[in-house]
There are 2 protein chains.
Amino acid sequence: MNKNYIIPNEWSIIEEGFDAENVEASESLFSIGNGAMGQRANFEEDYSGKTFQGSYIGGIYYPDKTRVGWWKNGYPEYFAKVLNAPNWIGIHIQINATTFDLNVCKISNFKRELNMKEGWLGRSFNATLPTGEEIEVQAKRFISVKYNEVGAIEYAIKAINFSGEITFSPYIDAGIENEDANYDEFFWETLKIVEGTHQGCILAKTLKTEFHVATAMEIDFAVNGNQVLPTHITTIEEKELTYTYKVKVAKGDTATIYKYASYVSSLNYEKADLIDASFKNVSEAKNIGFKQLFQDQKESWATIWETADIIIEGDIKAQQGIRFNIFQLNQTYMGTDARLNIGPKGFTGEKYGGSTYWDTEAYCIPFYMATKDASVAKNLLLYRYNQLDKAIENAAKLGFKNGAALYPMVTMNGEECHNEWEITFEEIHRNGAMVYGIYNYVNFTQDFEYVVSNGLEVMIAIARFWHQRANWSEAKQQYVILGVTGPNEYENNINNNFYTNYLAKWCIEYTIDCLNKVKHNYPNDFDRILKKTNLSIEETYKWMKVSDAMYFPFSEEHNVYLQQDGFLDKEIIPVSELPKSERPINQKWSWDRILRSCYIKQADVLQGMFFFEDKFDKEVVERHFDFYEPLTVHESSLSPCVHSILAASIDRMPKAYEQYLRTARLDLDDYNHEVHEGCHITSMAGTWMSVVQGFGGMRVWENGVLVFNPQIPAEWKSYSFTINFRGNVLKVYKSQTDCKFRNESEKELKLIVNNKEILIPANQLITV
Amino acid sequence: MNKNYIIPNEWSIIEEGFDAENVEASESLFSIGNGAMGQRANFEEDYSGKTFQGSYIGGIYYPDKTRVGWWKNGYPEYFAKVLNAPNWIGIHIQINATTFDLNVCKISNFKRELNMKEGWLGRSFNATLPTGEEIEVQAKRFISVKYNEVGAIEYAIKAINFSGEITFSPYIDAGIENEDANYDEFFWETLKIVEGTHQGCILAKTLKTEFHVATAMEIDFAVNGNQVLPTHITTIEEKELTYTYKVKVAKGDTATIYKYASYVSSLNYEKADLIDASFKNVSEAKNIGFKQLFQDQKESWATIWETADIIIEGDIKAQQGIRFNIFQLNQTYMGTDARLNIGPKGFTGEKYGGSTYWDTEAYCIPFYMATKDASVAKNLLLYRYNQLDKAIENAAKLGFKNGAALYPMVTMNGEECHNEWEITFEEIHRNGAMVYGIYNYVNFTQDFEYVVSNGLEVMIAIARFWHQRANWSEAKQQYVILGVTGPNEYENNINNNFYTNYLAKWCIEYTIDCLNKVKHNYPNDFDRILKKTNLSIEETYKWMKVSDAMYFPFSEEHNVYLQQDGFLDKEIIPVSELPKSERPINQKWSWDRILRSCYIKQADVLQGMFFFEDKFDKEVVERHFDFYEPLTVHESSLSPCVHSILAASIDRMPKAYEQYLRTARLDLDDYNHEVHEGCHITSMAGTWMSVVQGFGGMRVWENGVLVFNPQIPAEWKSYSFTINFRGNVLKVYKSQTDCKFRNESEKELKLIVNNKEILIPANQLITV
């Protein structure tokens, strides 16, 4: 695998020159999507080299039978998987009688571009076939943001040195598999193949989950820019529909095929209507035409960038990296559908099976909240609200009672999809993130109504969980939480993880705060919620016993909270003294050795201080940072951003920048040798946070005030970002010398910048 | 499954009446074996009902590809499995033209018997076929102890109500599978099928391990007791050889087939010689004849019982139970081959894949040591000695250096066969059992030469492991052992397990004791061993630093050692307050709940006090027993025996008897609803210990003196057992009133009985 082959560019991801070794990595990096569907950047034409095929539809999943070495009570039997969906991009191509396959051609001028500004994927190259014909190809494709069930391809072939026949055989194919299927089974059944004139459709359903999906295509042609439409021969195989068109070309002619495609699913339609709906979509797309669809696409993305862009001057690779992250986050989740969420690989790969982790609440919500309308973050909260019953069921399976909820570690539909006991059953801090997400949202948006309408029910169920999960220690005369795994997954089954205990205490306290607020301000709702949840005031007193007497491991000697009981029994040797040959430890060491070492996979105590920064003095944060950062190996992509933000907050910009670099181009530079499996979508939100909350020092205080403390890495000339703060667009600019704020809204905005209150009138720029 | 269907009998396991529901359980319970090979009590004739087929050859295994949900560094890729071997018992039978199949017959007078005194399995019954023919069947089979590659079957059919033809089609079949194959693969390849006159053989090899096995049969017939030998038709299929004999019978005639069979393997022969060897075995067997082979078998078992029997008067079920345990232990392991060991299921099933656990050293050695020649226990020790290199390799894989050894949790050939990280990597106390086994053997036999010739090398490698595995705790200013699982597997990844820390300290100290003894008494060997192991005296000083400053968790409040750090943070609720509906907790609770509960699967601190009873005052043992016994759920078959022995040692016979009952008839009464999978062989040794060490109070003090403190459960009239003490046979008899010792050797024996020294002259009985 060649690393660092991506050409730096402000707005595009670019690959130049064809190298078969890079195909799978590029298929991940150049992925396209629109939040509702997405796909890897597989070639349209046949390719006999190594490739990882993937096209995905948000919300369409399959419960694959679990593969477990040693069964434990409470494990789920099924593991909901992101599903590779029917292929709609495929076009078999023959030049005269020879199949066109890049793997066997002589290739020149190869260029692949993912244009992030406009939201499309393109390829251009010259290829000489083994039989001598040279062609020039210009291919472009996108998945429409405006028409979110539609994708379109323009694929042009110029006959460079021959006259003859080009055969285009566009097809749709439901005979697809998941690479990560546990038992190599097919997940789809083809129900119907419908032929039309230049139009065709396959109706297929997922096994078990019974999602029905219609995949349609419609074909158009031009030769030298003039529309032509040759007749086609239809081939219907068991799971595949192919139309074969033969186009005569003279030397120098360009034959262009347009393929309009659509996915529609039973998530959004009656099953009986799917075929018609898909045909309607492709007909309309064809009528609108590629050119206009493309124009629409540019406009959609322009709108997205208006409130999401970050501009970095003086470091083109940093500029490309941050835009790539923002672009991929938007491709993965647009926020219009509360049934969807943000999978760790988005629409770029299959790995990590289920789609939703605590990453959403801990890392992604801040990004969507600050770059989009409040309804987007709210939809992410509603996703969990809608799965509350399943979380209660899940907790009941593990022995919890009385409506206590434990949200799953990994899920598609609310059911747990993970089966490593130390994670599934023990990484319960995720439950706290659910409440933190609500808190964060309410703080940012001041939309307390959400607590009243939905949030409080979630919070009550989670408070119940913590109350039951903690137990009184006679020895300590305090409440303890035993047998957990914290965010640092390099410790398992530990007692009194500081982060978990802190979240548990905080969840109960915040729930009681909210209960009190609702009681006073929404008495009718208060009654309704108490009734619905069967909650009594007496029960909340019991919760408070736990939160009031929660135990936290603390070292007098080091004057720091300990990650867990017994942490100081370990040999404490800083990461800097670990030989390079032993890293990453998760590849070099056996698991027991990792567990008994002092090394931290991902921010844990520091994650807590990041969440609740206002509860800890700067000196306290500094002391903990100095204690834990040297022991942290950051072998999770979600770790460096937190350390970067904390470092910035304690005025250590070089450290902050060092940590920022570890996430910013994680995929583009393929640090972990795994980008071929897909991109790390959720950690991209962490990168955004590193800039906005880290360097920009953005916070929203509990009183609702927006705060900035902008700093800039020495390596940059300037950076600027945009925030959508309660519907008001604010642009922040920071250079080595200047700091400016532009209020682009129609309302005066009050900010605190570098601890001073400032007022920015509507539509004004001020320099601080 | 019908429980308690076994008819009580002093010397036999008996089933009366046919119930298809019991077939698989009986296949386990009525298993036969001779230490070198064994098999489940499958029917010879075809059976279309539910059955679990199994025939096993000691030392013949297959490395099945591991099935793991989530891979951890250091896991083995293969899991050596006990192999179901070619079928040699099968005889297809037709009565006239109808296949005889018990599953479709009307059956009366069904009786199955496992005669433990004489070592054979029998069946008798009348069956009426759907076509009306009634037959009476008398079948008998055994695996010869004297000729340990040979098995024999006598199968007689009497024509009750018809005259006609009986077709016998004896066969051998290498087309067999393992039920627990991870990927449903065949493990055997058939190499050659050799036809002879009434003789036949299949040469097959195991894939990957390339063990070659020849399975031969030779057939003989009698009608009404007179030898006849009809001609046969041969059928050779891909993996199967069948001879078909047609025998004419008149009403009232009895046709009897004799099938002599043999397994020979490349463990004991050149591969080229196997076919001849197997033919030689069956020819000889046929020449000796069934009657004489049967007589030899009775004599072999009489000899075994002479030094192994336990007689219980006044409780026939207890009598049957203890003999069943002794019988199965002898069927599993005879001690003549240091390449073999004692699998947890012996030759009665497949489960638990690999064959050797720490069960051997902790539970089985005492039985074999006291009922057989010293060479038997020594062979068990040599098994580990011969695998020392692999144990050193295993430790190196996990990051240990300098010749440190970690013996595997489960093994066939010295390689680790387990992959649950909390066990594979963390249940390291097993390493201590290896040394304890040596200590126990040397103590009992006074054969210190074994330490010199072999044991010390093992001990040095293990001392090195403990030295490296412990680490200095700055916080405690003592050495700690972090991240372990103790014998109580209901705790994982705990710190400072008392049992593990104690064993570690003891192993180092005992190794240094032995080193000193060897230095003074065997100076040449001392030099040889130091050179071979590259050991310096300086290195042993480092070990001693660890053993001298080992930390043990202790509660001042309760005045007991704690099972591990943090144990008292748990809610301590005695098992007696657990609702019955929640037990066994390993079936009713999720794993996390078990882990954070105070419940103990199997003796842990108490296991340590059992091993090192002489290091703890009786009051100390009592205090710990009173603390831990109420928290122990005994969900391991290896637990109650230890509690029983300790209870007896602190004069609590009712408790001792209660615990005894939990192991004594575990399989016969199928307490755990799993006997169909096979019997719990290794825990049977624990039952033996409960009688001899528990009720009998047998100990061997470190000065080599044999000690007894006989007590008797109120429920029994008397019991007696036999001990082979350094070649001297001693019988111990205890009734409610009397206690007698008979010295059956030619040497005066010195004993301590109830704290008084007594001398028993040669061949004398004395009453105490």
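These numbers come from a predicted model, not from an experiment. (Residues numbered from 1 in each chain as written. Chains lettered and ligands numbered in written order. Predicted model: local features only at pLDDT ≥ 70, side-chain atom pairs only at ≥ 80, totals over all residues. Heavy atoms only, no water.)

Asker: Which residues make up the interface of chain A and chain B, and what values go with them?
Answerer: Many structure descriptions define interface size as the accessible area lost when the parts assemble. The partner chain B presents 45 residues to the 45 residues of chain A that form the contact. Taking both partners together, chain A and chain B bury about 3800 Å²; carbon and sulfur atoms supply 49% of that area. When residues of chain A are sorted by the area they lose upon contact with chain B, A:Trp70, A:Asp569 and A:Arg596 head the list and together hold 19% of the total. A salt bridge links A:Lys476 to B:Asp569; its shortest N-O distance comes to 2.4 Å. Our count for the contact surface shared by chain A and chain B stands at 22 residue pairs in polar contact (both at pLDDT 80 or more). Elements represented by at least two residues in the side of chain A that touches chain B include exactly α8 (421-424), β22 (471-473), α14 (585-588) and α15 (591-596) of chain A. Here the side of chain A that touches chain B gets 5 residues from one element, more than from any other, and that element is α15(A). Here the side of chain A that touches chain B is built from residues that sort into 16 nonpolar, 13 polar and 16 charged. (Contact = heavy atoms within 4.5 Å. Buried area = accessible area lost by both parts, 1.4 Å probe. Salt bridge = Lys/Arg side-chain N within 4 Å of Asp/Glu carboxyl O. Polar contact = N/O pair within 3.5 Å; in protein donor to acceptor, adjacent residues only side chain to side chain. Helix = DSSP H or I, 4+ residues; strand = E, 2+ residues; numbered from the N terminus. Nonpolar A, V, L, I, M, F, W, Y, C, P; charged D, E, K, R; others polar.)

Asker: Describe the packing of helix α5 (residues 359-371) of chain B against helix α6 (residues 374-386) of chain B, and please don't skip the residues or the numbers.
Answerer: Residues and elements named next belong to chain B. One can describe the packing of α5 onto α6 by two numbers: an axis separation of 8 Å at closest approach and a directional angle of 155°. The orientation of α5 relative to α6 falls into the category roughly antiparallel. Residues Thr360, Glu361, Ile365, Tyr368 and Met369 of α5 touch α6, and the partners they reach there are Val376, Ala377, Leu380, Leu381 and Arg384. Here the contact of α5 with α6 is built from residues that sort into 7 nonpolar, 1 polar and 2 charged. (Axes fitted to C-alpha atoms, helices over the stretch in contact; angles between N-to-C directions. Parallel < 35°, antiparallel > 145°, perpendicular 65-115°, else oblique.)

Asker: I'd like a description of the sheet that holds strand β22 (residues 310-313) of chain B, backed by residues and values.
Answerer: Residue and element names in this part refer to chain B. If you trace the 5 strands from one edge of the open sheet to the other, you get β22-β29-β30-β31-β34, paired in antiparallel fashion. With one partner strand each, in any of the chains shown, β22 and β34 (764-767) form the two edges of the open sheet. Put simply, the sheet's adjacent strands are angled 15° from each other on average, direction ignored. Two strands pair when backbone bridges link them, and strand β30 (residues 728-735) and strand β31 (residues 739-743) are joined in this way by 5 bridges, in the antiparallel orientation. Bridged to valine 732 within β31 is phenylalanine 741. (Pairing = 2+ DSSP bridges.)

Asker: Can you explain helix α19 (residues 653-664) of chain A? Please cite residues and give values.
Answerer: In this model α19(A) runs 16 Å from its N-terminal to its C-terminal C-alpha over 12 residues, within 8% of the 16 Å that 1.5 Å per residue would give. Against β21 (310-313), α4 (316-332), α18 (640-649) and α20 (681-695) of chain A lie the buried residues of α19(A). (Expected span 1.5 Å × (residues − 1).)

Asker: Requested: an account of the relation of the copies chain A and chain B, with residues and values cited.
Answerer: Under the fitted operation, chain A is carried onto chain B by 0.1 Å of movement along the axis and a turn of 179°, and the coordinates agree to an RMSD of 0.1 Å. The operation mapping one copy onto its partner corresponds to a two-fold rotation axis. Interface overlap between copies: 100% of the residues of chain A at the interface are likewise at the interface in chain B, consistent with a symmetric, same-surface contact. (Least-squares fit on C-alpha atoms with pLDDT ≥ 70 in both.)

Asker: Lay out unusual backbone geometry in plain terms, naming residues and giving numbers.
Answerer: Residue and element names in this part refer to chain A. Between arginine 583 and proline 584 the backbone carries a cis peptide bond, its omega angle lying at -5°. Locating proline 584 in the fold gives a position in the loop between β25 (560-561) and α14. Phi at aspartate 670 takes a positive value of approximately 50°, unusual for a residue other than glycine. Assignment of secondary structure puts aspartate 670 in the loop between α19 and α20. The phi angle at asparagine 754 is positive, at roughly 50°, despite the residue not being glycine.

Asker: How would you sum up the pairing of strand β13 (residues 164-173) of chain A? Please name residues and give values.
Answerer: Residues and elements named next belong to chain A. Counting buried positions over the 10 residues of β13 gives 10, a clear majority of the element. Across 5 bridges, the pairing between strand β7 (residues 91-95) and β13 is antiparallel. Within the sheet, the bridge partner assigned to isoleucine 91 lies in β13 and is proline 170. Sheet topology places β13 next to strand β19 (residues 240-249); 8 bridges connect them, and they run antiparallel. Across the sheet, residue glycine 164 finds its bridge partner in β19, namely valine 249. (Buried < 20%, exposed > 50% of the residue type's maximum accessible area, 1.4 Å probe, protein only.)

Remember that the coordinates give geometry; whether it matters functionally is a separate question.
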